[in-house]
Amino acid sequence: MEPPYLSITVRSTPRRFHRIDPIERSFEYGAAVLGSITAAAPPPLAWQGTLLGAAPVACDPSFAGIERIHLDDGAWVDVGKGWLAGADTLFARLLAEVPWKAREVPMYDHVVPEPRLSAWWGTGPSPSWPEEVTAMATALSDRYGAAFDSFGANLYRDGTDSVAWHGDRVLREQDSALVAVISLGTTRRFLLRPTGGGPSVRLDPAPGDLLVMGGSCQRTWQHAVPKTGRPVGPRISVTLRPGRRRGDPEPDVA
Ligand SMILES: O=C(O)CCC(=O)C(=O)O
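Residues numbered from 1 in each chain as written. Predicted model: local features only at pLDDT ≥ 70, side-chain atom pairs only at ≥ 80, totals over all residues.

## Considerations on the sheet that holds strand β5 (residues 67-70)
The strands that make up a sheet are held in pairs by hydrogen bonds between backbone atoms, and each pair lies either parallel or antiparallel. Rule in force here: Note on pairing: two strands pair once DSSP finds at least 2 bridges between them. For the purposes of this entry, the term helix denotes a DSSP run of H or I that reaches at least four residues, the term strand denotes a run of E that reaches at least two, and both are numbered from the N terminus. Note on geometry: axes are C-alpha line fits, over the in-contact stretch for helices, and angles between N-to-C directions span 0 to 180 degrees. Distance between backbone-placed C-beta atoms decides contact: two residues are in contact if it is within 7 Å.
The sheet built from 7 strands is open, its strands ordered β5-β6-β16-β13-β18-β11-β10 with antiparallel pairing. Looking along the sheet, the strands with just one partner apiece sit at the ends: β5 and β10 (117-123). Adjacent strand axes in the sheet meet at a mean angle of 20°, parallel and antiparallel pairs treated alike. On top of the sheet, helix α1 (residues 87-97) reaches β11 (148-156), β13 (179-185) and β18 (235-242); it is set at about 90° to β13, its chief contact.

## Quick notes on unusual backbone geometry
This is how the line gets drawn: With C-beta atoms placed from the backbone, a residue counts as buried when 20 or more other C-beta atoms lie within 10 Å of its own, as exposed when 12 or fewer do, and as partly exposed for counts between those limits.
Here the residue pair Gly-124 and Pro-125 is connected by a cis peptide bond, since its omega of 0° sits within 30 degrees of zero. Assignment of secondary structure puts Pro-125 in the loop between β10 and α2 (131-144). Positive phi, close to 55°, is recorded for Phe-63, a residue that is not glycine. Residue classification places Phe-63 among the partly exposed residues on the basis of 17 C-beta atoms within 10 Å.

## Observations regarding the site of the ligand
Selection rule: Should the C-beta atom of a residue, placed from the backbone, lie within 6 Å of a molecule or strand, that residue is near it. Charged residues are taken to be Asp, Glu, Lys and Arg, nonpolar residues to be Ala, Val, Leu, Ile, Met, Phe, Trp, Tyr, Cys and Pro, and polar residues to be all remaining types, Gly included.
Close to the ligand lie Asn-154, Val-163, Asp-168, Val-181, Phe-190, His-223, Val-225, Ser-237 and Thr-239, which account for all nearby residues. Breaking the shell around the ligand down by element, the ones donating at least two residues are β17 (221-225) and β18. A class-by-class count of the residues in the shell around the ligand yields 4 nonpolar, 4 polar and 1 charged.

## Looking at the pairing of β11
Burial runs high along β11: 8 of the 9 residues are buried. Here 5 bridges tie β10 to β11, and the two strands are oriented antiparallel to one another. Bridging across to β11, Ala-119 finds its partner in Ala-153. By the bridge criterion, 8 bridges tie β11 to β18 in an arrangement that is antiparallel. If you follow Leu-155 over to β18, its bridge partner there is Ile-236.

## Some details on α2
Using the following cut-off: What a helix should span is 1.5 Å times the count of its residues minus one. In this description, the arc belongs to the directions extending from the helix axis to the C-beta atoms.
A rise of 1.5 Å per residue sets the reference length of α2, with its 14 residues, at 20 Å; its end C-alpha atoms lie 20 Å apart and thus fit the reference within 8%. For α2, every residue scored as buried is listed here: Glu-132, Val-133, Met-136, Ala-137, Ala-139 and Leu-140. One face of α2 carries all of its buried residues, which in axial projection span an arc of 165°. Summarising the geometry of α2, the exposed residues directed more than 90 degrees from the buried face are Glu-131 and Asp-142. Residues of α2 that are buried in the fold lie against β4 (58-59), α1, β11, β13 and β18. Of the residues one or two after α2, Gly-145 is the one with positive phi, at around 70°.

Scope: geometric values only; no functional claims are made or implied.
Okay, here's the thing in C-alpha cells:
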C-alpha cells in the first residue's frame with residue numbers, strides 16, 4: 001500500500017449467541033480505498049422461545065387491557081401487554097427471512113456500523129410485508145386514526161447490541177407523532193427520559209408486548225435500549241409508524 005492511502009478495517013468480534021460471517025464493505029474516493037467495514041451477516045442465533053409464543057400470530061384488534069402512561073402534559077406511551085399472540089412464531093420467521101444488515105452511522109469524521117441489525121420495508125402495506133404485520137398496521141391505524149404505513153425491524157443479537165438515547169429524527173420535528181414498537185424474543189430494557197435529562201421511566205417489554213409512543217414523545221422525550229452485561233438472547237423490535245420519513249433509506253425488502 002502506498003501513501004496517500006488510508007485503509008481502516010473494523011471487524012466484528014464473535015459474540016456469545018451468534019456466528020459472524022463477515023461482509024467487507026469498502027469506502028472509496030477515486031482510486032483510493034478510504035476504509036472498510038465488516039458488517040455482521042444474518043445470524044443464526046441460539047434462542048429459546050416461550051411456552052405460549054409458538055401460537056399462530058395474531059394481534060388483539062380490541063386493544064383490551066392497553067394502559068396509557070402520561071409522561072408529561074403532552075407525551076404519553078401506551079403499553080399493551082401480550083397484544084400479539086404467537087410472538088415466537090413471528091420472531092423465528094423474521095430472524096430467518098429478513099435481509100438483516102448493519103446500518104452505518106456517522107461518528108465524528110467516520111462511519112461505524114450500528115450496534116444492531118435492521119431492515120426497512122418501505123411504504124406499505126405492500127405484498128412484501130408479512131400478512132401479520134399488515135394486520136397489526138391495520139389495527140393500529142384504526143385505533144389511532146393515522147395510517148401506520150412505514151414498517152421496519154431491528155435485531156439486537158445479544159446484550160452488546162443497543163440503541164442510544166434518541167427521539168425519532170424527523171418525527172421529533174412534528175408537534176405530535178406516533179411510533180409503535182412490538183417486541184419479540186428476549187425481554188430487554190426500554191427506557192424513556194425527558195429530552196435534556198431527568199429520571200428515566202423503565203419498561204421491560206416482553207415478547208408480544210406493544211408500546212405506542214405518542215403526543216410530543218419524540219420531541220420532548222428520548223428512548224433507548226441500553227446494552228446489558230447479562231448474557232441475553234436475541235430480541236427483535238417491529239416498528240410501525242405513520243408516514244414515510246424524510247431521509248429514510250431505500251427499502252431493504254422490495
Ligand atoms: O428496538 C426498540 O425497542 C426501539 C427501536 C427504536 O427506537 C428505533 O428504531 O428508533
